[in-house]
Amino acid sequence: MGNKVNIGVIGAGNIGTRHLNSYKEVADANIIEICDILPERLAEKAAQFNVPKTCLDYHEMLANPEIDAVDICLPNYLHAPVAIDAFAAGKHVMLEKPMALNAQLGMDICAARDKAGKLLQMGMVRRQENLAQLVREEISQGRLGEIYQIDIRQIRRRGIPGMGGWFTTKEQSGGGALIDIAVHSFDLALWATNYWNPTRVSARTYSKFGAPMRDYKYVSMWAGPPNYNGTFDVDDFTSGFVRFENYATMSFEVAWAANAEPSNTIDFLGTKGGIHLGQTDSDLVIRTEQNGRLVDVKPLL
């Protein structure tokens, strides 16, 4: 296949299907195998995406010498064991977020990667956005001066996923809104500023809408429908405050569900200017002030 990368996708559910759709747009990607524990779904996805080989056990895929890399699209509690096995088998790994259930498992994944000498790509997709890269460039060039405060607000009015399934079962997910959606905003904010050294975190988690589950009102549900016989023991709202070693700070509010207007914004406050990164392209602007007077409001487009 020339310079193409032979890829095996582990997990053919909602996320796996999205990845398979995306790979159709990547010229260098060659999907040669799909793995899933559900035979009917496996056959359906293999036919849909014209993938020649399937398996029910991911160990069989890892033993395939033709595969260069695996894409792990599984529930959170399976991320660490499958990624570690993949590195041991000599494969590169694309791993969906969140990385693992806790920091120690994340470090175990990195240790397996280093031992294997292979690549690990996390599914932190916001870094890939053109606007996010512009924000990082503006900050690194010093146009905003010293970034001293970051504000994150990521609010869904009614957006709890897979209620009663693994998404809302802490033993399998590791947590709720904070670990599921906030990781994208956290990663973008820290990557853009290079503030990777927090010194103290204070936060509070809430579970106000998910339990009892039958009282939750929804229009649609990612990874649904709800399983009312399942479990909901995770957070649906979290607020917190982070201090960094350079005395910068970050505040955040994140919700799967709240009686509030939906929002997905990050504000970077600097001594020379600020960036408001909003939900639409037109919300991204550079605001520059001199001597307390607004002198420049420029879309970053």
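Everything numeric in this text was worked out from a predicted model, so none of it was measured.

### Here's the deal with the overall build of the protein
At step 1: Looking only at helices and strands, the protein features 9 helices and 14 strands.
At step 2: Against the 2.2 N^0.38 benchmark of 19 Å for 301 residues, the protein shows a C-alpha radius of gyration of 21 Å, consistent with a compact globule.
At step 3: Overall, the protein is about 65 × 50 × 35 Å in size when its C-alpha atoms are taken along their principal axes.
At step 4: A sequence separation of at least 24 residues applies to 66% of the contacts in the protein between residues at least 6 apart.

### Some words on the pattern of salt bridges
At step 1: In this structure the tally under the stated criterion is 9 salt bridges.
At step 2: Here Arg 143 ties to Glu 138 by a salt bridge, and the two come within 3.4 Å at their closest N and O atoms.

### A word on the layout of surface pockets
At step 1: Within this model, the second largest pocket holds a volume of roughly 670 Å³.
At step 2: Forming the boundary of the second largest pocket are 18 residues, of which Pro 98, Met 99, Met 124, Val 183 and Asp 187 lie nearest the centre.
At step 3: The set of elements that each furnish at least two residues to the lining of the second largest pocket consists of α5 (103-116), β6 (120-122), α8 (177-180) and α9 (182-193).
At step 4: By residue number, the principal contributor to the lining of the second largest pocket is α9, which donates 4 residues.

### Topic: the pairing of strand β10 (residues 249-255)
At step 1: For β10, the tally of buried residues reaches 5 of 7 residues, placing the bulk of the element in the interior.
At step 2: Sheet topology note: the strand β7 (residues 147-155)/β10 ladder contains 7 bridges and is parallel. The partner of Arg 153 across the bridge, within β10, is Glu 253.
At step 3: One ladder, built from 7 bridges, connects strand β9 (residues 237-244) with β10; its direction is antiparallel. The residue of β10 that forms the bridge with Ser 239 is Glu 253.
At step 4: Connecting β9 to the antiparallel partner β10 that follows it, the hairpin turn spans 4 residues, and Tyr 247 within it adopts a positive phi of roughly 75 degrees.

### As for the nonpolar core
At step 1: Counting 37 residues, the largest nonpolar core has Ile 150, Ile 152, Met 250 and Phe 268 as its most contacted members.
At step 2: Elements supplying a minimum of two residues to this core: α6 (130-140), β7, α9, β9, β10, β11 (263-270) and β12 (273-277).
At step 3: Looking at which element gives the most residues to this core, the answer is α9, with 7 residues.
At step 4: Among residues more than four places away in sequence, those in contact with Ile 152 are Ser 185, Phe 186, Ala 189, Met 250, Ser 251, Phe 252, Glu 253, Thr 265 and Ile 266.
At step 5: Core analysis: the second largest hydrophobic core is formed by 25 residues, Ile 32, Cys 55, Ala 80 and Leu 95 among them.

### Quick look at the environment of Ile 275
At step 1: Position of Ile 275 relative to the elements: it lies in strand β12.
At step 2: Classification of Ile 275 by relative accessible area gives buried; the value is 1%.
At step 3: For the pair Ile 275 and Ala 103, spaced 172 residues apart in sequence, the C-alpha to C-alpha distance is 30 Å.

About the thresholds
Residues numbered from 1 in each chain as written. Predicted model: local features only at pLDDT ≥ 70, side-chain atom pairs only at ≥ 80, totals over all residues. Heavy atoms only, no water. Helix = DSSP H or I, 4+ residues; strand = E, 2+ residues; numbered from the N terminus. Rg over C-alpha atoms; globule rule 2.2 N^0.38 Å. Contact = heavy atoms within 4.5 Å. Salt bridge = Lys/Arg side-chain N within 4 Å of Asp/Glu carboxyl O. 1 Å grid on protein atoms, 1.4 Å probe; cavity = no way out; pocket = protein on both sides within 12 Å on 5 of 7 lines; lining within 4 Å. Points joined across faces, edges and corners; volume = space filled by probe spheres on them. Buried < 20%, exposed > 50% of the residue type's maximum accessible area, 1.4 Å probe, protein only. Pairing = 2+ DSSP bridges. Core = buried A, V, L, I, M, F, W, Y, C linked by side-chain atoms within 4.5 Å.

Purely spatial values, then, with no claim about function.
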